[in-house]
Amino acid sequence: MSRFIEVPARMLPPETLNALLEAFVTRQGYDTTDTSGDGMHGWVVELKRQLERGELLIAHDIELEQTEVMTLAQWRAFGRDLADDEEEGDY
């Protein structure tokens with residue numbers, strides 16, 4: 001069994017999704033003091049678009065019981081490939 005599983009964003013309550021995205025913004029060092037006034041909210045909206053386009057994913061670590069937003073590059077750094085997961089039935 002795989003240690004990591006992908007969690008579809010639509011399966012999360014809106015408050016949980018927003019909290020995960022805000023943590024990602026903070027962890028990645030995004031500038032939340034932009035002059036447009038959108039700040040964190042603007043980044044969360046953009047990250048939701050990236051989730052929809054498949055540029056980001058939400059992964060749950062079964063061993064650590066933690067859920068994180070990741071870029072595809074971060075996911076692959078764990079040695080994961082989404083196509084491999086589907087073939088192995090770990091998806």
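Everything discussed here concerns the structure shown above.
Reference entry: report on the structure contained in this document. All of these numbers come straight from a predicted model, not from anything done at the bench.

1. Focus: the pairing of strand β3 (residues 66-71)
- Sheet analysis places strand β2 (residues 56-61) next to β3, joined by six bridges and oriented antiparallel. Residue L56 lies in a different strand from β3, and its bridge partner there is T71.
- With antiparallel pairing between neighbouring strands as the criterion, β2 and β3 make up a hairpin whose turn holds four residues, including E65 at a positive phi of roughly 55°.

2. Some remarks on the sheet that holds strand β1 (residues 4-6)
- Read across the open sheet, the three strands follow the order β1-β2-β3; overall the sheet is antiparallel. Since the sheet does not close on itself, it has two edges, and those belong to β1 and β3, each with one partner. With direction set aside, neighbouring strand axes in the sheet form an average angle of 35°.

3. Observations regarding the pattern of salt bridges
- If you walk through the whole model with that rule in mind, you get five salt bridges.
- Taking the shortest distance from any N to any O, the salt bridge between R3 and D61 comes out at 2.7 Å. Here R3 is found in the segment before β1, whereas its partner D61 is found in strand β2, with 58 residues between them in sequence.
- Its relative accessible area of 31% is what places R3 among the partly exposed residues.
- Of the charged contacts, one joins R53 and E46 as a salt bridge, the two residues approaching to 3.3 Å between their closest N and O atoms.
- By relative accessible area, E46 is classed as partly exposed at 22%.

4. Overview of helix α1 (residues 14-28)
- When the terminal C-alpha atoms of α1 are compared, their 21 Å separation across 15 residues agrees well with the 21 Å that a helix rising 1.5 Å per residue should span.
- For α1, the complete set of buried residues consists of L17, L20, L21, F24 and V25. With its buried residues spanning 140° around the axis, α1 presents them on a single face. Relative to its buried face, α1 has exposed residues pointing more than 90 degrees away, namely E15 and T26.

What counts as what
- Residues numbered from 1 in each chain as written.
- Predicted model: local features only at pLDDT ≥ 70, side-chain atom pairs only at ≥ 80, totals over all residues.
- Heavy atoms only, no water.
- Pairing = 2+ DSSP bridges.
- Helix = DSSP H or I, 4+ residues; strand = E, 2+ residues; numbered from the N terminus.
- Axes fitted to C-alpha atoms, helices over the stretch in contact; angles between N-to-C directions.
- Salt bridge = Lys/Arg side-chain N within 4 Å of Asp/Glu carboxyl O.
- Buried < 20%, exposed > 50% of the residue type's maximum accessible area, 1.4 Å probe, protein only.
- Expected span 1.5 Å × (residues − 1).
- Arc of directions from axis to C-beta.

Don't take any of this as a statement about function, it's just geometry.
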